[in-house]
Amino acid sequence: MRREGSAFNGLGVVMLKELADHLTSIRFIILEIIVMLIAVGTVYVATQQIKDTVAQDPFLFLKFFTTSRAPLPSFIFWLSLLVPVMAIGLAFDSVNGEYNRRTLSRILSQPIYRDALLFGKFLAGLMTLAIALLVLWLLVIGLGLLFIGIPPGGEEVARAFVFLLVTLIYAGVWLALGLLFSIVFRSAATAALATLGLWLFFYVIWPVLAGEISQIIVPPDPRYMALGLQTPGTVVLEQFLARLSPSTLFGEIVVAILDPTTRALGPIYLSQLQGAVLGAPLPLGASVLIAWPQIVGLIATSIILFVIGYVVFQRQEVRA
Amino acid sequence: MSGDIVIEAKGLTKTYGQAVAVDHISFTVGRGEIFGLLGPNGAGKTTTILMLLGLTDISGGQVSVLGFNPAREPLSVKRRVGYLPDTVGFYDQLTAADNLRYTARLIGFRLAEREKRIGEALDRVGLSEFAEHRVGTFSRGMRQRLGLAEILMKGAQIAILDEPTSGLDPHATAELLTIIRRFKTEGVSVLLSSHLLERVQSVCDRVALFSAGRIALMGSVSDLGREVLGSGYVVDIEAEGSGLGERLALVPGVNRVEQTGIGKLRLHADRDVRPEAAAEVVAQHGRLKFLGVQEPSLEAIYTHYFAARPDGTLKEGARHAA
């Protein structure tokens, strides 16, 4: 059965309205303030650290993102913590909020499809995050310039920009998850808790659990243990399990993009090291290639989550 | 009612798994007609409305709204039909005008037309001075009126109102009913649902009484009254004069005369006997003080109908138990 008209009727209208709502909402302002403070704090700390230790690094600028000094963690750590929270904060009440305000049936009785409403909300969330992250990114680069006074090279800017895009994709995963739970759960509080719970599970518990599970399934070989090495089977399984978590994927991508000397994510076999100059930086394209499966994995995850939400939403009754 | 039909439902059915929410209902609504869907909560009124708008799937039967099939051409239907949901909601942080602007943009009106339509619509429901107030500060009656303004702004040919008066105080109800009556004068058909029988009785041209997913009765209120209550017309007279009761009993069509008080008589008749009764009183040199015919009340019709058909109520009870 073919439907009449375009599924994207009204998409732009919904998106602009949601975007305006997001940008003027108090929760967005609060999140933005927190992120700004972290940006300033970590860049300042990183500057001190860089001044103290690193002198001969061709990718000095990227150190702003990765350098930490106890007790303060690095900028990417804060970002990997805050981006999901920001995304979930924007999405957790997007559909059930409409339902609870009883605006859903009124809006859907206008000549638009549900597709437009859902996709508009997702795009608006993504754009909001893009604006926030872009501001942050420029802030870090600007502060970096200010503190150390050396302009970044073209490759550094390119890498930092890829990092920005990847962070946005990562945010998209949590945005799609928040949107899905806002469709499934009628109560906004339940949706927020469920999404945050799942995020914490993947961020904190799953990496530990992946190690434990892989040790149970493939027990470490005593011969490797005697040599002080990890059993390859166990490591491979652990890595496979850990990569089921978007947080792990994001972490790996960040390592590959922001550290040009990264040659592989995961165990390295001797054959891979033949002819390699250890510690030599890779070109940006090669770094992206290393992280490409992870990037595709993140994009696919957000698409799958969005599609599940879409299907559930299409079948949902709108009556109050 | 003109012969022009805007909504036509034939054997419309909605099932949720085993449960039947709407069971083979058929009705038509003409242009400029006010049609009431009446019945208790859970009788299938809202489900019927959502099927008309294409907001829920149709399990069986056919429905045509302005010649369109809501399941296949929902956008064409929704462009021409205005809907006021049960307890309508607006974005509280936006102003009344901004809420309408969002809807107008969704419909696709251009800027100049948008502002003109919004201004006119708010004016007609008496909210123009609140146009720039946030909806969060609005009372329930104002929200309902804003909902009607949205339908007016849309220029809808059919207005579907789900429980428009529930939870409103008498004054707000009266205001709302006035606006609804005005729809009719502009040729807009109105389909409204309610469980408050006597409130909507005054505005509806025809009503359909719902019970357990079926239409139990359909027709104009007075027709239904005669059909269900049987006894025809009840005329109350207040007059001074001697032997009026005996004389009035002889008026053709009067079945019975009842003394309801000093100088007060009640005539039970087959038809409207007011002219004959008045002539009779005057002929007897009586002093006529009051003459009125009792309209059958929907409440009475409803209670009477379901009391007379215990199978209907039993079925409903069984459905609730299941």
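Residues numbered from 1 in each chain as written. Chains lettered and ligands numbered in written order. Predicted model: local features only at pLDDT ≥ 70, side-chain atom pairs only at ≥ 80, totals over all residues. Heavy atoms only, no water.

Caption draft 1: Broad picture of the overall build of chain A. Counting its regular elements, chain A contains 14 helices and zero strands. Reading the secondary structure of chain A in the N-to-C direction produces α-α-α-α-α-α-α-α-α-α-α-α-α-α. For chain A, the C-alpha atoms occupy an extent of roughly 65 × 50 × 35 Å along the three principal directions. Sorting the 320 residues of chain A into buried and exposed places 48% on the buried side. In chain A, the proportion of contacts linking residues at least 24 apart, taken out of those at least 6 apart, comes to 78%. Accessible surface computed for chain A: about 14800 Å², of which carbon and sulfur atoms make up 72%. Within chain A, one finds 19 positive and 17 negative side-chain charges whose respective centroids are separated by 8 Å. (Helix = DSSP H or I, 4+ residues; strand = E, 2+ residues; numbered from the N terminus. Buried < 20%, exposed > 50% of the residue type's maximum accessible area, 1.4 Å probe, protein only. Contact = heavy atoms within 4.5 Å. Areas by Shrake-Rupley, 256 points an atom, 1.4 Å probe, with all protein chains shown as cover. Lys, Arg positive; Asp, Glu negative; His and termini not counted. Charge placed at Lys NZ, Arg CZ, Asp CG, Glu CD.)

Caption draft 2: Highlighting the sheet that holds strand S13 (residues 287–294) of chain B. All names here are of chain B. If you walk across this open sheet you meet the four strands as S11-S12-S10-S13, and the pairing is antiparallel. For this open sheet the edge positions go to strand S11 (254–261) and S13, each flanked by a neighbour on one side alone. For this sheet, the mean inter-axis angle between neighbouring strands, taken without regard to orientation, is 20°. As judged from the six bridges shared by strand S10 (residues 233–240) and strand S12 (residues 264–269), these two strands associate in the antiparallel manner. From the neighbouring strand, Ile 237 faces S12, where its bridge partner is Leu 265. The strands touched by helix H10 (residues 274–283) are S10, S12 and S13; relative to S13, the strand with the most contacts, the crossing angle is about 165°. (Pairing = 2+ DSSP bridges. Axes fitted to C-alpha atoms, helices over the stretch in contact; angles between N-to-C directions.)

Caption draft 3: Representation of the interface of chain B and chain A. Taken together, the contact between chain B and chain A spans 34 residues of the former and 30 residues of the latter. Carbon and sulfur atoms make up 56% of the area that chain B and chain A hide from each other, which totals about 2900 Å². Of all residues in chain B, Leu 75, Tyr 91 and Leu 106 of chain B give up the largest surface area on contact with chain A, accounting jointly for 24% of the area buried on that side. Summed over the shared surface of chain B and chain A, the number is one salt bridge. A salt bridge links Glu 150 of chain B to Arg 106 of chain A; the nearest nitrogen and oxygen atoms lie 2.3 Å apart. Where chain B touches chain A, the interface holds 12 residue pairs in polar contact (both at pLDDT 80 or more). Among the elements of the structure, strand S1 (5–16), helix H1 (45–52), helix H2 (74–80), strand S5 (81–84), helix H3 (96–107) and helix H5 (140–154) of chain B are those that each provide at least two residues to the side of chain B that touches chain A. It is H3 of chain B that contributes the most residues to the side of chain B that touches chain A, six residues altogether. (Buried area = accessible area lost by both parts, 1.4 Å probe. Salt bridge = Lys/Arg side-chain N within 4 Å of Asp/Glu carboxyl O. Polar contact = N/O pair within 3.5 Å; in protein donor to acceptor, adjacent residues only side chain to side chain.)

Caption draft 4: Structural view of a nonpolar patch on the surface. Residues and elements named next belong to chain A. Together, Val 184, Ile 304, Ile 308 and Val 312 give the surface a local cluster of nonpolar side chains, amounting to about 300 Å² of exposed area. Of the residues forming the nonpolar patch, the biggest block, three residues, is contributed by helix H14 (residues 284–315). Here Val 312 shows up in helix H14. For Val 312, a relative accessible area of 30% translates into the label partly exposed. (Patch = residues over 30% accessible without salt bridge, like charges linked within 9 Å, V, L, I, M, F, W, Y side chains within 5 Å.)

Caption draft 5: Highlighting the nonpolar core. Grouped together as the largest cluster of nonpolar side chains are 116 residues, with contacts concentrated most on Phe 65 and Phe 163 of chain A together with Ile 7, Phe 27, Val 65, Ile 160 and Leu 191 of chain B. In terms of nonpolar packing, the next biggest core, distinct from the first, is built from 54 residues, Val 125, Met 153, Leu 177 and Cys 204 of chain B among them. (Core = buried A, V, L, I, M, F, W, Y, C linked by side-chain atoms within 4.5 Å.)

Caption draft 6: How the structure looks around the side chain of Ser 109 of chain A. Among the structural elements, Ser 109 of chain A can be located in the loop between helix H6 (104–108) and helix H7 (114–148). Ser 109 of chain A has contacts with Leu 55, Lys 78, Val 81, Tyr 83 and Lys 154 of chain B, leaving out every residue within four places of it along the chain.

Caption draft 7: How the structure looks around the domain arrangement of chain B. Here chain B is described as being made up of domain 1 (5–219) and domain 2 (230–294). Using C-alpha coordinates to define each centre, domain 1 of chain B is positioned 43 Å away from domain 2 of chain B. (Domains from an automatic or database assignment.)

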